[in-house]
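Below, each chain spelled out in residue letters.
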Amino acid sequence: MVRFAPVSVSGSIDSWMDLFCGACTADSSNEMLKKSYKLTYFDIRGLAENSRLILAAAGQSYEDVRLSFSFGTPGDFSTIKRPEFDAMKAAGQLDSSLGKVPLLEVDGAKIGQSKAIERFLAKELGMMGSNSVEAAQVDQLGETVRDIKDAYQKVRGLQDEEAKKAGMDKWFAEDLPNWCALAEKSLPPGPGPFLVGGKVSLADILFYTLLLAPGCFFDNAEGAKAAFQNCPKLKAALEATDALPQLKEYISKRKETPF
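- You'll find the chain entered in an unreviewed UniProt entry as Glutathione S-transferase, with Durusdinium trenchii given as the organism.

Structure representation (structure tokens):
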């Protein structure tokens, strides 16, 4: 179990960072920060990493429960061993999350489904925009990320190796840059550098883990990074998110995992 504490930031930072920090302070009441958060998942990035990054970006302490697992045969998921998870499932501790993880507990109340957890935490910690319209715009961009992932998986799932290689080459040369250009055009007007409004939001975290974060969604990290270089607003938002001291500290201390 690992507990991440709020990060203290000192020294000179850009004006947009001052705005972000001030906004976070305004959005997160003392009562909210006193809530007990417990996030349970396997000891990998996987489906919980967006939630961990949301918590890190907000400076919110939480209990990070990492369940061990191992392979009988490396890479063969039919031989996976996960004793702690199996014990929790057998005891009914995961019933509220359909027998799956991640599982978030907030003052003992349980929430399952990774995307529901992400949206809950973003709303709870002031990262769903400043009003209902901005919240919907953040949600829209999250659905764009989902569309991009779905389109990529169709290419990745091609069975013919020659067709798959051609499809992957086209994906990073044409398709992903086109998706980034579409996302750029869809962005609402705002002060920048973040995607919606004047502070970091769930939308920034989702695009960051898709395209730029260490261990991002795509195996071809350089191809992913190249895809948004001609999208100035998206590029600025990704770089601003990458520069957040809270995230940099979390990622620097994060255990290296294969996925």
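**Quick word on the overall build of the chain**
- A tally of regular secondary structure across the chain gives eleven helices and seven strands.
- Looking at the chain as a whole, 44% of its 259 residues are labelled buried.
- Carbon and sulfur atoms make up 53% of the accessible area of the chain, which totals about 13,200 Å².

**Quick notes on the nonpolar core**
- By size, the foremost hydrophobic cluster in this structure holds 68 residues, and its most contacted members are Leu176, Leu195, Phe207, Leu211, Phe218 and Leu234.
- If one sorts the elements of this core by residue count, helix H8 (residues 202–211) sits on top with eight residues.
- With near-sequence residues (within four places) excluded, Leu211 lies in contact with Leu176, Cys180, Cys216, Phe218, Ala224, Lys225, Phe228, Leu234 and Leu238.

**Description of the side chain of Thr257**
- Take Thr257: it is sitting in the segment after helix H11 (245–253).
- A polar side-chain atom of Thr257 sits 3.2 Å from the main-chain carbonyl oxygen of Phe259.
- If sequence neighbours within four positions are ignored, Thr257 has contacts with Asp43, Ile44 and Arg45.

**Points about the confidence of the model for the chain**
- In the predicted model, the chain carries a mean pLDDT of 89, and the fraction of residues at 70 or more is 87%.
- Across residues 2–30, where pLDDT falls below 50, the model places 38 contacts with residues more than four positions away in sequence or in other chains.

**Focus: the pattern of salt bridges**
- This model, assessed by the stated rule, comprises 16 salt bridges.
- Among the ionic pairs, Arg52 bridges to Glu49, the shortest N-O distance being 2.8 Å. Placement of both Arg52 and Glu49 in helix H3 (residues 49–57) is noted, with a separation of three residues, approximately one turn of the helix.
- For Arg52, a relative accessible area of 0% translates into the label buried.
- Glu118 is the partner of Lys115 in a salt bridge, and the nearest nitrogen-oxygen pair spans 3.2 Å. Within this pair, Lys115 and its partner Glu118 are both found in helix H5 (residues 114–124), separated by three residues, close to a single helical turn.
- Judged by its relative accessible area of 29%, Lys115 is partly exposed.
- Its relative accessible area of 3% is what places Glu118 among the buried residues.
- Overlapping salt bridges bring together Asp43, Glu49, Arg52, Asp64, Arg66, Arg254 and Lys255 as one network.

Calculation notes
- Residues numbered from 1 in each chain as written.
- Predicted model: local features only at pLDDT ≥ 70, side-chain atom pairs only at ≥ 80, totals over all residues.
- Heavy atoms only, no water.
- Helix = DSSP H or I, 4+ residues; strand = E, 2+ residues; numbered from the N terminus.
- Buried < 20%, exposed > 50% of the residue type's maximum accessible area, 1.4 Å probe, protein only.
- Areas by Shrake-Rupley, 256 points an atom, 1.4 Å probe, with all protein chains shown as cover.
- Core = buried A, V, L, I, M, F, W, Y, C linked by side-chain atoms within 4.5 Å.
- Contact = heavy atoms within 4.5 Å.
- Polar contact = N/O pair within 3.5 Å; in protein donor to acceptor, adjacent residues only side chain to side chain.
- pLDDT = per-residue confidence, 0-100.
- Salt bridge = Lys/Arg side-chain N within 4 Å of Asp/Glu carboxyl O.

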